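# Structural overview for review
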Amino acid sequence: MSPTPGPAGATAEAVRTGGRSARSVVEEALAAIAAADGPLHAFLDVHADAAAADAAAVDAAVEQGRDPGPLAGVPVALKDNLCTRGRPTTCSSRILEGWRPPYDATVVTRLREAGAVVVGKTNMDEFAMGSSTENSSTGPTRNPRDPSRVPGGSSGGSAAAVAAGVVPLALGSDTGGSIRQPAAFCGVVGMKPTYGVVSRYGLVAFASSLDQIGPFATTVGDAALLLEVIAGHDPCDSTSLDRPAPDVTAALDDGVEGLRVGLCQELLDEGDAEVVGRVRAAAEALAGAGAKVDEVSLPELRLGLPAYYLLAPAEASSNLARYDGVRYGLRVDAPDAEAMNTATRTAGFGAEVKRRIMLGTYALSAGYYDAYYGKAQRVRTLVIEAFGRAYESFDVLLGATTPSTAFPIGAKVDDPWSMYLSDLFTVPSNLSGHPAMNVPFGADGEGLPIGVQLLAPALGERVLFAAASALESLAPAPGGAS
Amino acid sequence: MTETALAPPETGAWETVIGLEVHAELQTATKLFCSCRNAFGDEPNTNVCPVCLGLPGSLPVLNREAVTFAMRIGTALHCEIRPSIFHRKNYFYPDMPKDYQISQYDEPINVGGWLELPDGERVGIVRAHLEEDTGKTSHLGEGGRIHAADESLVDYNRAGVPLVEIVSEPDLRSAAAARAYVTELRGLLIATGVSDGRMEEGSLRVDANVSVRPVGSSAFGTRCEVKNLNSLRSLGRAVEHEAARQVALLEAGGAVTQETRHWDEEAGRTVPLRSKEEAFDYRYFPEPDLVLLEPDEAWQREVAASIGPLPAARRARLAELLGGEATESQLEQIRSVVEQGLDHFVTEASPPAPAALALARAGNELAAEPEAATSLDPAAFAGLVALEAGGELSATQSKKVLARLLADGGGDPLAVAAELGFEALGDDALAAAVAEVVVANPDEWAEYCSGDEKLQKQKGGWLAGQVMRATKGQADGKAVDEELRRLRAAQG
């Protein structure tokens, strides 16, 4: 028997069968955004008119007896690093001010084809560099669970929009944990697919070999629905895998009977006591449901964070070179081209982006390449091999998503290293390219959400969703005691 | 002028050592990483899209045809075709949309190989790799230099056009050899259909690494890279100038500094562009947006099979048709005919016509009008050469008919000849015309018969000219000559 549909699935079903108009669904979402977003600041741009028009088109399809698609009339928010034709796409950076992409990202096209209605673009850390959504040219997004705290990042706007209930679905991107970490902080489901399962075409690159687009939802089932729509081969992305979208909705009720779950030491060690407690509770719950849970240690994962903070900035230093004032976005005039480049980039990029460009430029420099970039690549191989060993004995791994719950706004802005540590448990999956997911599993003493992280081998989306769905059904009721 | 690969050093006791980097634009239908048209001369910024403009979020997808073309080059240069990857070469320049160039670096598609020059010398090939071209910047005001320009305009039509960079070993020893190498390479690129080889349009661009060393030394001197060589003439002049500059420096007790130099065509000299210290740190790293390029054996076989005979083999074929030793001017004709892809005219006409005649018509008349020649029907050419060989048309007449055939793109040579009034002169009419000239010019005739070989040759030519004039070029030169000899013999 299938689990109860989540809000997105239920809405799509109602719209497809004529029980509800897409117009009313979208109007309600737009009204909710208008009511909530002032203090929240999850959105950078709301596509009110276009959303209403798209909803009307869905309704027209239903009236004419055409199938409007699996996400008919479902409002979706997009992280502002996903290109939307004719609509601002800023990556929360001054340097992209005024730029309107002439094309839609592949995921956006697929959403539209599935009947989903894009309602707006969400706030993020500039160019996805950050773990709190404070590195935004327009100011931070607040955590809907506690407005004095950050929503996590870099996809904080998307996580907050779903957590606040203004949209049932949102897309984010995850380079080092940028979907899973804010999902954990905001108490929603957030998933990073296997590298290559979702096309990156139209995702403004941060670190190309690590970036992957993924879903935010309030339930595992809704996340599955969204993943199936956006996944699948895309000839416009050479790193896109030549295979159909994983059939994850069909795996939701597979259960965990006999599933081999590895409770990973290195994904717990630096965690706060309450976080570790919830992960252990999750392990026990899974064991109670028939899974075989064992502890496992993968020491190489500890090397992931330093390797990540060389590889990601190295790629970023190259990916962000194109913002030079010549063709689009901000231009600060100067007497010659070189001076114009410098003036534009000085004014257009925020401090964290500059820090990472410098770090990455250094790591790739002649004479340092082998010591930094080369060595980090070798560490990456070690991480992949460590996971490979683990998956000989386990079907999925379990750990914390983040070492702590959401921290107060401003607490870490002046301490980059402490901010980087938020990604400790999430970066290994980006380095390995494996899928991983945050599933809310209770809260700490202050009522702040705690998420547990499930990890699976490459293309293990089905077993990942099966385990996540089971875990979700075992989780304490939202707001309940841990 | 004869060009040889290993000419004696033109700088006295010094030997010039040259390695060339040739960039060839591939004439694929579309660009290297997107489906924009790859065309020269279109309105600026019309063949552009998010990918070749490097817009945020866009991603490159490798063009299969460009890989095929690169493999054709590698195969023709006897390279090993290897699994390869792309790197990013990072530097800021307004005509480079992404501020990095996607290029192959230490794992290129074609490795090792050689190119054989017409004199039989083999020049080693280090590599021939794929990369994307940049856009084109025009600087307005202040003599077109970037630093003083009032305004700079960029055309991105060329951005993303596929290039293959062919790097030679430092095997060349003279300006002439460098020119011979580029000429031969150009012929190969045209013959394999991968490039139009037009240096003046920038389809073929050459950088020269030049150093000098004492004759007999096996160590290399410090080299300078010379850029902006837009023609064979520039290449030759620049190499000569640069070698002479280095020799002068060394002989004055100085040292050559490794640097990049710019060839100033007007001033006829190289000027410093940037020193080794100022060289860019390109921060190469593997391009994460592309995957391993590993052409399978079937693809490689397909490419190898698609390559027709290469210039060297085609030249050998023509020489073989000539039989015996070819003269210097015939060798020149063979080179020119093959270079312009006109050799099939010769092979179609000969046999039955003598190869020397077919080669002369192709090497002179066809080669003079290469555009028209490409659309000429080879059968029409063969028919014409046969008429001339059979004595039905004189050389003069034959050339006139050929000119008409070229203008019309073909036709029946016999009909064209008739139309032009070139009825072959009958034997009797010819004999009568010769007799008339002999009678009218007794002094010249006497001198022709004198027995002085030099005088005979001179006067024979003059008499034949009179016959040609009298017959309005209708007489066959050879037949006139024979008739004159016959008369002289009869007289003696």
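Because the structure is predicted, anything quoted here is derived from the model rather than measured.

### Side note on the overall build of chain B
In terms of regular secondary structure, chain B is built from 16 helices and 15 strands. The principal-axis extents of the C-alpha atoms in chain B amount to approximately 90 × 55 × 50 Å. With 492 residues in all, chain B has 44% of them scored as buried. Within chain B, residue pairs in contact and separated by at least 24 positions form 71% of the contacts whose partners lie at least 6 positions apart.

### Considering the domain arrangement of chain B
According to the domain assignment, chain B consists of domain 1 (14-305), domain 2 (309-419) and domain 3 (427-491). For domain 1 of chain B and domain 3 of chain B, the distance between their C-alpha centres works out to 60 Å.

### Concerning the packing of helix 5 (residues 311-322) of chain B against helix 6 (residues 328-339) of chain B
Residue and element names in this part refer to chain B. For the pair helix 5 and helix 6, interaxial distance at closest approach is 10 Å and the crossing angle is 135°. As summarised for this structure, helix 5 and helix 6 are arranged oblique, according to the angle between their axes. Seen along the crossing, helix 5 lies across helix 6 with a hand that is right-handed. Residues P311, R314, R315, L318, A319 and L322 of helix 5 form the contact with helix 6, whose own contacting residues are Q330, I334, R335, V337 and V338. For the contact of helix 5 with helix 6, the class distribution of residues is seven nonpolar, one polar and three charged.

### What to know about the pairing of strand 3 (residues 87-90) of chain B
All names here are of chain B. Residues H87 and K89 line one face of strand 3 and the alternating positions R88 and N90 line the opposite face, and both faces are buried. Two elements, strand 3 and strand 15 (residues 285-286), share two bridges in a ladder whose sense is antiparallel. Of the residues in strand 15, the one forming a bridge with R88 is F285.

### A closer look at the packing of helix 2 (residues 175-191) of chain B against helix 3 (residues 232-251) of chain B
All names here are of chain B. Running from amino to carboxyl end, helix 2 crosses helix 3 at an angle of 150°, the nearest separation of the two axes being 8 Å. Considering the angle they form, helix 2 stands roughly antiparallel to helix 3. Where helix 2 crosses over helix 3, the handedness of that crossing is right-handed. In this structure, helix 2 uses A175, A178, R179, V182 and T183 to contact helix 3, whose residues at the interface are L232, L235, G236, V239 and E240. Here the contact of helix 2 with helix 3 is composed, by residue class, of six nonpolar, two polar and two charged.

### Re the environment of B:E371
Its place among the elements puts B:E371 in helix 9 (residues 370-374). Sequence separation of B:E371 and B:E25 is 346 residues, and the distance between their C-alpha atoms is 21 Å.

### What about the sheet that holds strand 11 (residues 449-455) of chain A?
Across a sheet, strands are paired by hydrogen bonds formed along the backbone, either parallel or antiparallel in direction. All names here are of chain A. The strand order across the open sheet formed by 11 strands is 1-3-2-4-6-5-10-11-9-7-8, and the pairing between neighbours is mixed. Every interior strand has two partners, whereas the edge strands, strand 1 (43-46) and strand 8 (292-296), have only one. With direction set aside, neighbouring strand axes in the sheet form an average angle of 25°. As paired elements, strand 4 (residues 169-173) and strand 6 (residues 213-217) share five bridges and run antiparallel to each other. Counted as the bridge partner of S173 is I213 from strand 6. Contacts from helix 15 (residues 461-474) reach strand 9 (396-400), strand 10 (436-443) and strand 11, with the element oriented near 5° to strand 10.

### Regarding the nonpolar core
Taken as a class, soluble globular proteins show a tendency for nonpolar side chains to be buried jointly. Ranked by size, the top nonpolar core spans 162 residues in total, and within it A:V76, A:V396 and A:L454 carry the most contacts. Take this core: its biggest share by element is nine residues, from helix 9 (residues 304-319) of chain A. Beyond its immediate stretch of four places on either side in the chain, A:L454 contacts A:V396, A:L398, A:A436, A:M437, A:V439, A:L464, A:A467, A:A468 and A:L471. Counting 71 residues, the second-largest nonpolar core is a separate cluster that includes B:A24, B:A159, B:V164 and B:L204.

Criteria and thresholds
- Residues numbered from 1 in each chain as written.
- Chains lettered and ligands numbered in written order.
- Predicted model: local features only at pLDDT ≥ 70, side-chain atom pairs only at ≥ 80, totals over all residues.
- Helix = DSSP H or I, 4+ residues; strand = E, 2+ residues; numbered from the N terminus.
- Buried ≥ 20, exposed ≤ 12 C-beta atoms within 10 Å, placed from the backbone.
- Contact = placed C-beta atoms within 7 Å.
- Domains from an automatic or database assignment.
- Axes fitted to C-alpha atoms, helices over the stretch in contact; angles between N-to-C directions.
- Parallel < 35°, antiparallel > 145°, perpendicular 65-115°, else oblique.
- Left-handed = near helix turned anticlockwise from the far one by under 90°.
- Nonpolar A, V, L, I, M, F, W, Y, C, P; charged D, E, K, R; others polar.
- Pairing = 2+ DSSP bridges.
- Core = buried A, V, L, I, M, F, W, Y, C linked by C-beta atoms within 7 Å.

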